[in-house]
Amino acid sequence: MKRHCKIAPSILSADFTRLGEEVKAVEAAGADMIHFDVMDGHFVPNISIGIPVLESLRKVTRLPLDVHLMIEHPERFIEAFAKAGADLISVHVEACSDIEATLRLIRRCGVRASAAVNPETDARRALQVADQLDMILVMSVHPGFGGQAFIPESLDKLRLVRNELDQRGLHHVDLEVDGGIKVDNVAAAAAAGANILVSGSGIFAAQSYAEVIAQMRQRLAAVELLTN
Ligand code: DX5
Ligand code: ZN
């Protein structure tokens, strides 16, 4: 199965005083999509950005907007995020009372649907609804903050999810890994089955976004050769 890996900078680590410029800068540096973290202070112990910010960023980039909802009852806000320009919406299985209904709602809004699982959550909860998914998001840190260390057990989870997707012929379902991704571990995450690599501090803390993205691509290219 030919696998092309994508790099999704998480703007949680960008300079918020110049967010539009930061998004344009990672686009020019070769990013494939923009990862947009929404936190409500309930599902995670932090608050970040929301609908008006997404709407503003939609105007400054052509890249797909990958919206990661770390919020309770995400069904209440799907339509608003869709209208604001989301191309893909991830909801956490832990936060949904009816995950299937929420995924249907996302798709009805014309947006690609994804289920996210926290580090302590059994990935089978996302795999159970894999038929209705465009992507599964495996959290490789406890959600809520950028700049945390990658949890090594996440590699086993990625392998488990990728194997099951392959076995079921669900090759179109993307597998995203989010948290603690840096140049050093992109290859391990991709070899374990991830094809969308989110990186916040790994990219925005770098002097040159183009350089760090190129380094990531170089590491990923080696894995892509092996998996193709
Ligand atoms: C964590 C967020 C991540 C975060 C990743 O709650 O979901 O997207 O921004 O940041 P890094 O790459 O710094 O771990
Ligand atoms: Zn995220």
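Residues numbered from 1 in each chain as written. Chains lettered and ligands numbered in written order. Predicted model: local features only at pLDDT ≥ 70, side-chain atom pairs only at ≥ 80, totals over all residues. Heavy atoms only, no water.

With that out of the way, let us pick up helix H6 (residues 154–167). Look at H6: 20 Å from first C-alpha to last across 14 residues, which is about the 20 Å you get at 1.5 Å a residue. Those residues of H6 not exposed but buried are Ser154, Leu155, Lys157, Leu158, Val161, Arg162 and Leu165. On an axial view of H6, the arc spanned by its buried residues comes to 160°, and they lie on one face. For H6, the elements touching its buried residues are strand E5 (112–117), helix H5 (124–127), strand E6 (135–139), strand E7 (174–178) and helix H7 (183–191). The first or second residue beyond H6 is glycine 169, which carries a positive phi of 70°. (Helix = DSSP H or I, 4+ residues; strand = E, 2+ residues; numbered from the N terminus. Expected span 1.5 Å × (residues − 1). Buried < 20%, exposed > 50% of the residue type's maximum accessible area, 1.4 Å probe, protein only. Arc of directions from axis to C-beta. Contact = heavy atoms within 4.5 Å.)

This part covers the packing of aromatic side chains. By the definition in use, this model includes one aromatic pair. An angle of 70° between the planes, with centres 5.2 Å apart, marks the rings of phenylalanine 204 and tyrosine 209 as edge-to-face. Residues phenylalanine 204 and tyrosine 209 agree in their burial class; the two are buried. (Phe/Tyr/Trp six-rings, centres within 6.5 Å; stacked < 30°, edge-to-face > 60°.)

A word on the coordination of the zinc ion (ligand 2). Four donors placed tetrahedrally about a metal ideally form angles of 109.5 degrees, and six donors placed octahedrally ideally form angles of 90 or 180 degrees. All of the protein donors around the zinc ion (ligand 2) are His35 (NE2), Asp37 (OD), His68 (ND1) and Asp178 (OD); their distances to the metal are 2.1 to 2.3 Å. The coordination sphere of the zinc ion (ligand 2) comprises six donor atoms, whose angles at the metal cover 71 to 173°; the geometry is octahedral. Donor residues for the zinc ion (ligand 2), ordered by position in the chain, follow H-x1-D-x30-H-x109-D. Of this pair, histidine 35 sits in strand E2 (residues 34–39) while aspartate 178 sits in strand E7, placing them 143 residues apart in sequence. Take histidine 35: its relative accessible area is 0%, and that puts it in the buried class. By relative accessible area, aspartate 178 is classed as buried at 8%. (Donors = N, O, S within 2.8 Å, 3.2 Å for Na, K, Ca; no water. Tetrahedral: all angles 85-135°; square planar, octahedral: opposite > 155°, others 65-115°.)

A few words now on the pairing of strand E4 (residues 88–92). For E4, the buried fraction is high: five of the five residues fall into the buried class. By the alternation rule, side chains of E4 split into Leu88, Ser90 and His92 and Ile89 and Val91, which are all buried. Two strands pair when backbone bridges link them, and strand E3 (residues 65–70) and E4 are joined in this way by four bridges, in the parallel orientation. When the bridges of E4 are listed, aspartate 66 appears paired with leucine 88. For the crossover from E3 across helix H3 (residues 78–84) to E4, the handedness is right-handed. Summarising the sheet, E4 and E5 pair through five bridges and their orientation is parallel. Counted as the bridge partner of serine 90 is serine 114 from E5. Note that the unit made of E4, helix H4 (residues 99–108) and E5 has a crossover that is right-handed. (Pairing = 2+ DSSP bridges. Right-handed = clockwise from strand over helix to strand, strands pointing away.)

Read these as spatial facts, not as claims about activity.
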